[in-house]
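A look at the structure
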Amino acid sequence: MKRDTGQNREITRHWRPATRAVRGGTWRSEQGETSEALFLSSGFSYDDAATPAARFAGEAEGMTYSRLQNPTVAMLEERIALMEGAEACRAQASGMAAMTTALLCQLSAGDHIVAARAAFGSCRWLVDHLCPRFGIEVSVIDARNNAAWEAAIRKNTKVFFFETPANPTMDIVDLGFVCELAREHGITTVVDNAFATPVLQRPMEWGADVVAYSATKMMDGQGRVLAGAVCASHEFINDKLLPFQRNTGPNLSPFNAWVVLKGLETLDLRIRRQSESAVKLGRMMERRVARMLHPGLPSHPQHNLALRQMEACGPIFSFEVEGGRPQAHALLDALELIDISNNIGDSRSLMCHPASTTHHSVGPEAREAMGVSEGMLRLNVGLEDIADLAEDIDGALRAVGL
Ligand SMILES: *Cc1c(COP(=O)(O)O)cnc(C)c1O
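Here is a short report on the structure shown in this document. Keep in mind the model is a prediction, meaning the values are calculated, not measured.

What follows deals with the overall build of the chain. Tallying secondary structure elements over the chain gives 16 helices and 14 strands in all. Projected onto its principal axes, the C-alpha positions of the chain cover 75 × 50 × 35 Å. A burial count over the chain gives 57% of its 402 residues as buried. Of the contacts formed within the chain by residues at least 6 apart in sequence, a portion of 72% connects residues at least 24 apart. Split by element, the accessible area of the chain, about 16700 Å² in all, is 49% carbon and sulfur. Averaging the coordinates of the 40 positive side-chain charges in the chain and doing the same for the 49 negative ones gives two points 2 Å apart.

Turning to the layout of surface pockets, a few remarks are in order. Here the second largest pocket defines a volume of roughly 310 Å³. Met-96, Phe-120, Ser-214, Thr-216 and Lys-217 are, among the 21 residues lining the second largest pocket, the residues nearest its centre. Ranked by residue count, the leading element in the lining of the second largest pocket is helix α5 (residues 95–104), at 3 residues. The class makeup of the residues in the lining of the second largest pocket is 9 nonpolar, 8 polar and 4 charged.

Let us now look at the pairing of strand β3 (residues 88–92). With respect to burial, β3 is a largely interior element, 5 of its 5 residues being buried. Here β3 shows two buried faces, one formed by Ala-88, Arg-90 and Gln-92 and the other by Cys-89 and Ala-91. Direction of pairing for β3 relative to strand β9 (residues 228–232): antiparallel, over a ladder of 5 bridges. Its bridge partner being in β9, Arg-90 is matched across the sheet by Val-230.

A few words now on the sheet that holds strand β5 (residues 137–141). Read across the open sheet, the 7 strands follow the order β3-β9-β8-β7-β6-β4-β5; overall the sheet is mixed. A single partner strand is all that each edge strand has here, and the edge strands are β3 and β5. Averaged over all adjacent pairs, the angle separating strand axes in this sheet is 20°, with direction ignored. Pairing of strand β4 (residues 112–116) with β5 involves 5 bridges; the strand directions are parallel. Within β5, the position partnered with Ala-116 by the bridge is Ile-141. Against the sheet, helix α4 (residues 71–84) contacts β3, β8 (210–214) and β9, and its axis sits at roughly 130° relative to β3. α5 rests against β3, β4, β6 (157–163), β7 (188–192), β8 and β9 of the sheet, and its axis sits at about 155° to β8.

The full set close to the ligand counts 15 residues, and Gly-95, Asp-192, Ser-214, Thr-216 and Lys-217 are the nearest of them. Between an oxygen atom of the ligand and a main-chain N or O atom of Met-96, the distance comes to 2.8 Å. The pocket occupied by the ligand, as judged from atoms lying within 2 Å of grid points, is the second largest pocket. Its residues assigned to classes, the shell around the ligand comprises 7 nonpolar, 5 polar and 3 charged.

Attention now goes to the pattern of salt bridges. Counted by the stated rule, this structure contains 26 salt bridges. Put simply, Arg-79 and Glu-36 hold a salt bridge, and the shortest N to O gap is 2.6 Å. Note that Arg-79 is positioned in helix α4 and Glu-36 in the loop between β2 (27–28) and α3 (50–56), a separation of 43 residues in sequence. On the accessibility criterion, Glu-36 (6% relative accessible area) is buried. A salt bridge links Arg-224 to Asp-220, with the nearest nitrogen and oxygen atoms 2.7 Å apart. Looking at Arg-224, the relative accessible area reads 42%, which means it is partly exposed. For Asp-220, a relative accessible area of 0% corresponds to the buried category.

What counts and what doesn't
- Residues numbered from 1 in each chain as written.
- Predicted model: local features only at pLDDT ≥ 70, side-chain atom pairs only at ≥ 80, totals over all residues.
- Heavy atoms only, no water.
- Helix = DSSP H or I, 4+ residues; strand = E, 2+ residues; numbered from the N terminus.
- Buried < 20%, exposed > 50% of the residue type's maximum accessible area, 1.4 Å probe, protein only.
- Contact = heavy atoms within 4.5 Å.
- Areas by Shrake-Rupley, 256 points an atom, 1.4 Å probe, with all protein chains shown as cover.
- Lys, Arg positive; Asp, Glu negative; His and termini not counted.
- Charge placed at Lys NZ, Arg CZ, Asp CG, Glu CD.
- 1 Å grid on protein atoms, 1.4 Å probe; cavity = no way out; pocket = protein on both sides within 12 Å on 5 of 7 lines; lining within 4 Å.
- Points joined across faces, edges and corners; volume = space filled by probe spheres on them.
- Nonpolar A, V, L, I, M, F, W, Y, C, P; charged D, E, K, R; others polar.
- Pairing = 2+ DSSP bridges.
- Axes fitted to C-alpha atoms, helices over the stretch in contact; angles between N-to-C directions.
- Near = heavy atom within 4 Å.
- Polar contact = N/O pair within 3.5 Å; in protein donor to acceptor, adjacent residues only side chain to side chain.
- Sits in = over half its atoms within 2 Å of the grid points.
- Salt bridge = Lys/Arg side-chain N within 4 Å of Asp/Glu carboxyl O.

The following block contains the structure:
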């Protein structure tokens with residue numbers, strides 16, 4: 001294995017973002033392959049007994065076992081770290097493996113965590129159900145309200161946990177304010193940046209400590225594999241994350257890592273185009289639906305904040321119809337091109353009804369509190385021709401009398 005320029009931080013840190021996304025992290029074998037090699041190997045062998053001894057002792061670099069490190073996975077980790085501007089990154093088996101690892105690797109019984117009320121259903125499950133089972137106290141707040149973060153801090157607060165934009169309410173969290181507040185109180189911020197990706201928003205530039213991803217979404221970008229990642233400082237990764245990950249094993253498969261490496265090469269192009277299409281479609285639909293929730297449109301109450309911290313607002317937005325679940329389901333059933341699917345980040349346009357799918361497990365009361373109404377629909381805008389998408393949406397809106 002030969003380290004290419006892509007593994008040399010002295011060189012790669014001078015590269016601009018799109019170059020990092022294509023070449024960052026590349027590691028070439030003696031074959032000189034241009035596309036990253038796929039190392040489907042759980043174990044590794046050694047020329048002599050001293051070699052593994054040195055590697056296990058941390059005195060020499062090199063592979064030992066794929067739960068600890070794998071060359072293809074390491075390429076992905078280096079590429080995501082470079083794109084994020086993070087010292088280090090570790091890939092995880094899924095977005096939820098990333099969130100669970102990022103939280104549990106640093107929390108203990110007796111600690112307190114403040115979490116955003118509006119969040120992906122499984123992220124809410126972690127804070128509502130898993131953390132309390134292990135004696136971790138939780139406060140769930142309206143994360144749009146800066147004063148609420150301040151008011152929730154206790155002596156034992158260890159972590160602030162939120163996503164921005166939030167799934168599916170599109171709430172925006174003031175990254176600069178919340179990260180600075182956390183710093184002042186010695187609290188670690190964990191930001192779920194799945195909706196934005198490092199192309200559109202880099203929370204570490206605002207002072208975030210840990211940035212976690214579902215790479216299943218925009219990073220893969222074509223709906224193929226589950227993957228996740230956690231970015232942080234060397235200190236956090238080495239002292240907190242790695243002891244947890246290496247012994248509990250939420251590792252990403254090398255095959256899935258390879259697919260995401262290929263996805264990252266086109267992320268910049270895809271997300272900019274999909275973000276543009278999302279703004280156009282949102283604008284077109286705005287007058288015909290009861291409520292449009294798109295941070296890229298001036299009608300969003302946090303539009304200015306979104307533009308301050310994001311380069312564009314991403315391919316996903318939500319909207320509401322007045323007729324509740326029956327009208328929302330009828331609208332989905334009237335679509336001809338756009339798929340009914342609860343996935344996001346795909347190159348295909350997908351629409352779902354969060355209350356009966358992604359946020360079903362949250363329960364009706366918590367759904368209402370976080371603003372996931374019965375009439376809410378969430379659209380992931382794909383790479384199809386926007387005229388075809390507009391026609392499909394127009395037809396579905398007409399079919400339900402809008
Ligand atoms: C999808 C998603 C997750 C979970 O990711 P998986 O890869 O499905 O495990 C976490 N957070 C957000 C914001 C998501 O959209």
